[in-house]
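The chain contents come next:
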Amino acid sequence: MSVNKVILVGHVGQDPEVRYLDNNTPVCTIRMATSDVYKNKSGERVTTTEWHNVVLWRGLAEVAEKYVKKGSQIYIEGKLRTRSWDDKDKNKRYTTEIVADVMQLLGKRADESGATASSPHTDQSASEKPQVDEPDLTNDLPF
């Protein structure tokens with residue numbers, strides 16, 4: 001048995017990029033940042049940021065296109081995937097990305113009347129149909 005599971009909570013670095021494959025299947029890529037904060041030996045606060053490439057398919061891609069914007073805080077669950085290809089100069093290139101099965105928007109957004117509304121939660125099941133639920137507003141943590 002083996003496990004390939006990634007859980008991230010972070011902020012989106014730029015608006016999602018959505019494209020449609022030949023069979024009209026949506027795929028979305030997101031650049032997401034996670035940060036660690038610690039104190040160094042001299043007591044100074046240091047922040048390190050790691051950037052992640054996240055890929056969302058089908059229903060999750062459509063939800064991301066509609067609700068996720070640069071600066072959004074999101075929760076992602078998925079698996080690591082490394083792919084390779086040959087660039088135009090025939091050099092082998094590699095990228096590692098997270099293929100998401102679950103995405104949850106954290107925080108709140110303003111609706112048209114100015115009141116706050118909760119963000120949708122989506123979970124991509126084996127049938128690839130997104131499920132959109134309202135999260136519990138008493139706790140912003142995804143776990």
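See above for the structure.
Residues numbered from 1 in each chain as written. Predicted model: local features only at pLDDT ≥ 70, side-chain atom pairs only at ≥ 80, totals over all residues. Heavy atoms only, no water.

*Asks:* Tell me what's going on with the side chain of Thr95, and back it up with residues and numbers.
*Replies:* Summarising the element assignment, Thr95 is placed in strand β6 (residues 92-105). For Thr95, the contacting residues outside a window of four places in its chain are Asn53, Arg81, Thr82, Arg83 and Trp85. (Helix = DSSP H or I, 4+ residues; strand = E, 2+ residues; numbered from the N terminus. Contact = heavy atoms within 4.5 Å.)

*Asks:* I'd love a proper account of unusual backbone geometry, names of residues and values included.
*Replies:* For residues that are not glycine, phi is negative in most cases, and the peptide bond is trans in most cases. With a phi angle near 50°, Arg58 is a residue other than glycine that sits in the positive phi range. Along the chain, Arg58 turns up in helix α1 (residues 58-67). Accessibility expressed as a relative area gives 36% for Arg58, which makes it partly exposed. Even without being a glycine, Lys90 presents a positive backbone phi close to 70°. With respect to the helices and strands, the residue Lys90 is situated in the loop between β5 (73-86) and β6. The class of Lys90 is exposed, set by a relative accessible area of 69%. (Buried < 20%, exposed > 50% of the residue type's maximum accessible area, 1.4 Å probe, protein only.)

*Asks:* Give me the lowdown on the pairing of strand β4 (residues 45-57), citing residues and values where you can.
*Replies:* With 13 bridges connecting them, strand β3 (residues 26-39) and β4 associate as antiparallel partners. What sits directly across from Ser35, in β4, is Thr49. Following β3, the chain reverses through five residues before pairing antiparallel with β4; Gly43 in that reversal takes a positive phi of roughly 85°. Bridging between β4 and β6 involves two bridges; their strand directions are parallel. Note on β6: the bridge partner recorded for Val54 is Ile98. (Pairing = 2+ DSSP bridges.)

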